[in-house]
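These are the residues of each chain, in order.
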Amino acid sequence: MTQVDKVLYTGRTHTSGGRDGASRSDDGRLDVKLSPPGSAHPGTNPEQLFAAGWSACFIGAIGKAAGKRDVKLPTDLSVAAEVDLATTDGAYLLQARLKVNMPGIERALAHALVEEAHRTCPYSKATRGNINVELTIA
């Protein structure tokens, strides 16, 4: 386990009711109803929240990688994240796909930036070796 030198931020939420419940952050900025994937109930689900968090963090990691190379990223840089809730042998698991769109960035450079981002993004680190992850460049 990696030793932490300094905590930069702690996200705090309180969730009740599980997949048919609600989750709220301690500062009130996040206040969402939860519902099971594919249900007609109002609300989002943990897989959507994970996909949103990972894709936002991944864009930040691409920005750090680009900064090291003095590369100006396009303002319409985007990451489409898909997180699957799946089963195998009766156990639940996740798998993910991140599709990166960097208009105007040469393909080899885009690939290098995505690879570096995947090495440094905290979400990528947390999932490395635990779930299948597919990275593509649009």
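The rules behind these values
Residues numbered from 1 in each chain as written. Predicted model: local features only at pLDDT ≥ 70, side-chain atom pairs only at ≥ 80, totals over all residues. Heavy atoms only, no water. Pairing = 2+ DSSP bridges. Helix = DSSP H or I, 4+ residues; strand = E, 2+ residues; numbered from the N terminus. Axes fitted to C-alpha atoms, helices over the stretch in contact; angles between N-to-C directions. Phe/Tyr/Trp six-rings, centres within 6.5 Å; stacked < 30°, edge-to-face > 60°. Buried < 20%, exposed > 50% of the residue type's maximum accessible area, 1.4 Å probe, protein only. Contact = heavy atoms within 4.5 Å. Expected span 1.5 Å × (residues − 1). Polar contact = N/O pair within 3.5 Å; in protein donor to acceptor, adjacent residues only side chain to side chain. Salt bridge = Lys/Arg side-chain N within 4 Å of Asp/Glu carboxyl O.

**Describing the sheet that holds strand 1 (residues 13-16)**
Strand order in the open sheet formed by 3 strands is 1-2-3, and the pairing between neighbours is antiparallel. With one partner strand each, in any of the chains shown, strand 1 and strand 3 (31-33) form the two edges of the open sheet. On average, each strand axis in the sheet is tilted by 10 degrees relative to the strand beside it, whichever way the strands run. When strand 2 (residues 22-25) meets strand 3, the two strands line up antiparallel, connected through 3 bridges. Counted as the bridge partner of alanine 22 is lysine 33 from strand 3.

**A short note on the packing of aromatic side chains**
Counted according to the given criterion, the structure contains 2 aromatic pairs. Between phenylalanine 50 and tryptophan 54, the ring centres sit 5.5 Å apart and the planes meet at 55 degrees, which makes this aromatic pair tilted. Of the two residues, phenylalanine 50 and tryptophan 54 are both situated in helix 1 (residues 46-68); the distance of 4 residues between them amounts to about one turn of the helix. A residue is classified by how much of its surface remains accessible, and phenylalanine 50, at 24% relative accessible area, is partly exposed.

**A closer look at the sheet that holds strand 5 (residues 91-101)**
Read across the sheet, 3 strands follow the order 4-5-6 without closing on themselves; strand pairing throughout is mixed. Every interior strand has two partners, whereas the edge strands, strand 4 (78-88) and strand 6 (132-137), have only one. Sheet twist, expressed as the mean angle between neighbouring strand axes with direction ignored, is 15 degrees. In this fold helix 2 (residues 107-120) packs onto strand 5 and strand 6, with an angle of close to 155 degrees to the strand it touches most, strand 6.

**Thoughts on helix 2**
End to end, helix 2 covers 20 Å across 14 residues, agreeing with the expected 20 Å (1.5 Å per residue, within 8%). Looking at the packing, one finds that the buried side of helix 2 touches helix 1, strand 5, helix 3 (122-127) and strand 6. Sitting at the head of helix 2, glutamate 106 places a side-chain oxygen 3.2 Å from the backbone nitrogen of alanine 108.

**Structural notes on the environment of alanine 96**
Along the chain, the position of alanine 96 falls in strand 5. Residues alanine 96 and proline 74, spaced 22 residues apart in sequence, show a C-alpha to C-alpha distance of 24 Å. When residues no more than four places from it in sequence are discounted, the contact partners of alanine 96 are Trp54, Glu82, Val83, Ile131, Asn132, Val133 and Glu134.

**Topic: the environment of glycine 129**
For glycine 129, the location among the structural elements is in the loop between helix 3 and strand 6. Taking the C-alpha atoms as reference, glycine 129 lies 28 Å from serine 23; in sequence the two are 106 residues apart.

**Section: the pattern of salt bridges**
This model, assessed by the stated rule, comprises 7 salt bridges. Of the charged contacts, one joins arginine 19 and glutamate 47 as a salt bridge, the two residues approaching to 2.6 Å between their closest N and O atoms. Of this pair, arginine 19 sits in the loop between strand 1 and strand 2 while glutamate 47 sits in helix 1, and the two are 28 residues apart along the sequence. For arginine 19, a relative accessible area of 32% gives the class partly exposed. Across the salt bridge formed by arginine 69 and glutamate 116, the nearest N and O atoms sit 2.7 Å from each other. Of this pair, arginine 69 sits in the loop between helix 1 and strand 4 while glutamate 116 is found in helix 2, placing the two residues 47 residues apart along the sequence. By relative accessible area, arginine 69 is classed as partly exposed at 35%. On the basis of relative accessibility, which here comes to 10%, the residue glutamate 116 falls in the buried class. Several salt bridges converge on common partners, so that one network encompasses Lys68, Arg69 and Glu116.

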